[in-house]
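Notes for the structure review
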Amino acid sequence: MIEINEALGQVYKTLNDFCNLNEMEFRYDKSTMVSAALPVEQKGEDYYMYIDGKAGTAIVVYSAQENKIKLLGSGEQNAPIEDCKQLSLWLLEPSIHDEKDVKSIANDFLETMENNFATAKAKDLSKVKIPKAVSKNQAKSGAANYDAQTLCNRFVMLYPEYKNDLKQNLLDYDELLAADFAEKYIAPKMLEVLEGNDEKEQKKFFSMLNDVYEDGLNEVQDLIAVVIMSRMNNEEKYLAVADKYMSDYMRPTIHHINKLMAGSAGDRYREKMKNPPIYKPKKQKSGGLMTKLMGGGAQGLNNQ
């Protein structure tokens, strides 16, 4: 067993070195701190430790009632707790868990902080190489299917102003985190294109999506249908424009996903996308999100 202040002290000690290297610091408020040695605020049965810095806000929250400890975060400085999303969640029951368990939690929080708030890492984007994409010849010949890297590469070919954002994604995660890039940059750009009156740009943008979708892996089809195109929120004005350019192959799935995401079930999926699990290196996984949304199968998901 372990006392909660001892557990929080271990988390504080583990994260404090990271803060010192990355221009972040724990918030010390003597009027609310439960002890002079630890930056912990207690409200009822909940305990809080706040971390602020140039990279944003992190908050460690322990709930004695639920026996859970979690790390919340936001890219905004001094963000209130309600604007922070969950980055990591662990069970922590002091009467059962021990110092070894707390060290595991603290190390996971440290890894999470490094993935989300590190500023010490060199950011010379000119040295970051964007991996090669699958070529059109490879896709059309059946030698390979388009992947998420191809989608992102094709996007920055259309919009070179996002090239450094793609490089930053690769630098931050040591590999492409495509869902993050698609949500932050491709989906908002799609809405901008839909709102505009440039038919030539609209055609180019959706032709790119059509091409990648039709010869793409399930992974990249998920990104296009769920992460990007569901952002139309089933709005007729957007779908009317998209329908002019979407291929017959892609259109039924996009309409289905938009209808689903506009309903109550969609609210749950959107909440999951807002609060994704902590980033971890790639692991083997079974069916994608779109497969689940489509009830186990969808047009365009039967890649060899």
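Being a predicted model, the structure only gives us computed values, none of them experimental.

**Here's the deal with the packing of aromatic side chains**
One pass over the structure, following the stated rule, counts 13 aromatic pairs. On the numbers, 6.4 Å between centres and 50 degrees between planes, the contact of Tyr-159 with Phe-205 is tilted. Pair noted here: Tyr-159 is in the loop between helix H4 (148-158) and helix H5 (163-173) and Phe-205 is in helix H7 (residues 199-214), with a separation of 46 residues, a long-range link. A relative accessible area of 0% places Phe-205 in the buried class. Between the aromatic rings of Phe-181 and Tyr-185, the centroid separation amounts to 5.1 Å while the plane-to-plane angle is 45 degrees, which identifies the pairing as tilted. Of this pair, Phe-181 and Tyr-185 both sit in helix H6 (residues 178-195), four residues apart, which is roughly one turn of that helix. These aromatic residues form a ring-pair network of at least three members: Phe-155, Tyr-159, Tyr-162, Phe-181, Tyr-185, Phe-205, Phe-206 and Tyr-245. The ring of Tyr-48 carries Lys-43 above its face, with NZ or CZ at 5.6 Å from the centroid. Here Arg-154 stacks its cationic end above the ring of Tyr-146, 5.6 Å away from the centre of that ring.

**A closer look at helix H9 (residues 236-245)**
Within H9, the full set of buried residues consists of Tyr-238, Leu-239, Val-241, Ala-242 and Tyr-245. Along the axis of H9, the buried positions cluster into a sector of 165 degrees, meaning they face one direction only. The exposed set on the far side of H9, more than 90 degrees from its buried face, consists of Glu-236 and Lys-244.

**Comments concerning the pairing of strand S3 (residues 46-53)**
For S3, the tally of buried residues reaches seven of eight residues, placing the bulk of the element in the interior. As paired elements, strand S1 (residues 24-26) and S3 share three bridges and run antiparallel to each other. Following the sheet pairing, Phe-26 is matched in S3 by Ile-51. Examined bridge by bridge, strand S2 (residues 41-43) and S3 share three bridges and lie antiparallel to one another. Counterpart to Gln-42 in the pairing with S3 is Tyr-47.

**Concerning the pattern of salt bridges**
All told, the structure shown has 12 salt bridges when counted by the stated rule. A salt bridge links Arg-154 to Asp-211; the shortest N-O distance between them is 2.7 Å. Of this pair, Arg-154 sits in helix H4 while Asp-211 sits in helix H7; the two residues are 57 residues apart in sequence, bridging distant segments of the chain. A salt bridge links Lys-189 to Glu-192; its shortest N-O distance comes to 2.9 Å. Here Lys-189 and its partner Glu-192 are both found in helix H6, three residues apart, which amounts to about one turn of the helix. Salt bridges linked by common partners bring Lys-140, Arg-154, Asp-211 and Asp-215 together as one network.

**A few points about the confidence of the model for the protein chain**
Predicted coordinates in regions of low pLDDT should not be interpreted in detail. Looking at the protein chain, the pLDDT average stands at 85 and 85% of residues meet or exceed 70. Low pLDDT, under 50, characterises residues 276-287; the stretch is placed with 14 contacts to residues that sit more than four places away or in other chains. In this model residues 296-304 is a low-confidence stretch, pLDDT under 50, and it forms 19 contacts with partners more than four residues away in sequence or in other chains.

**Some points on the environment of Asn-116**
Position of Asn-116 relative to the elements: it lies in helix H2 (residues 99-117). Taking the C-alpha atoms as reference points, Asn-116 and Gly-56, 60 residues apart in sequence, are found 9.0 Å from one another. Polar contacts involving the side chain of Asn-116 include one to the main-chain carbonyl oxygen of Thr-112, which spans 2.8 Å.

**So, the packing of H6 against H7**
Their axes nearest at 9 Å, the elements H6 and H7 cross at an angle of 145 degrees. For the crossing formed where H6 meets H7, the hand is left-handed. Along the contact surface, H6 presents Ile-186, Lys-189, Met-190, Val-193 and Leu-194, while H7 presents Glu-201, Gln-202, Phe-205 and Phe-206. Residues belonging to the contact of H6 with H7 are distributed by class as follows: six nonpolar, one polar and two charged.

**Remarks on unusual backbone geometry**
Positioned with a positive phi, Asn-233 is a non-glycine residue whose angle comes to about 55 degrees. Within the secondary structure layout, Asn-233 lies in the loop between helix H8 (218-228) and H9. One non-glycine residue, Asn-234, lies in positive phi territory at about 60 degrees. With respect to the helices and strands, the residue Asn-234 is situated in the loop between H8 and H9. Classification of Asn-234 by relative accessible area gives partly exposed; the value is 27%.

**Here's the deal with the side chain of Asp-215**
Among the secondary structure elements, Asp-215 is positioned in the loop between H7 and H8. Apart from residues lying up to four places away in sequence, Asp-215 is in contact with Ala-139, Lys-140, Asn-145 and Tyr-146.

**Side note on the nonpolar core**
Residues Leu-151, Phe-205, Phe-206 and Met-229 are the most contacted members of the largest nonpolar core, which totals 50 residues. Of all elements in the fold, only H4, H5, H6, H7, H8, H9 and helix H10 (251-261) reach the threshold of two or more residues within this core. Counting residues per element, this core draws most heavily on H6, at nine residues. Excluding residues within four positions of it along the chain, Leu-151 makes contact with Ile-186, Met-208, Leu-209, Val-212, Val-220, Leu-223, Ile-224 and Ile-228. The next biggest cluster of nonpolar side chains, apart from the first, holds 29 residues, and it includes Ile-2, Ala-58, Leu-71 and Ala-106.

Cut-offs used in this document
Residues numbered from 1 in each chain as written. Predicted model: local features only at pLDDT ≥ 70, side-chain atom pairs only at ≥ 80, totals over all residues. Heavy atoms only, no water. Phe/Tyr/Trp six-rings, centres within 6.5 Å; stacked < 30°, edge-to-face > 60°. Helix = DSSP H or I, 4+ residues; strand = E, 2+ residues; numbered from the N terminus. Buried < 20%, exposed > 50% of the residue type's maximum accessible area, 1.4 Å probe, protein only. Lys NZ or Arg CZ within 6 Å of the ring centre and 35° of its normal. Arc of directions from axis to C-beta. Pairing = 2+ DSSP bridges. Salt bridge = Lys/Arg side-chain N within 4 Å of Asp/Glu carboxyl O. pLDDT = per-residue confidence, 0-100. Contact = heavy atoms within 4.5 Å. Polar contact = N/O pair within 3.5 Å; in protein donor to acceptor, adjacent residues only side chain to side chain. Axes fitted to C-alpha atoms, helices over the stretch in contact; angles between N-to-C directions. Left-handed = near helix turned anticlockwise from the far one by under 90°. Nonpolar A, V, L, I, M, F, W, Y, C, P; charged D, E, K, R; others polar. Core = buried A, V, L, I, M, F, W, Y, C linked by side-chain atoms within 4.5 Å.

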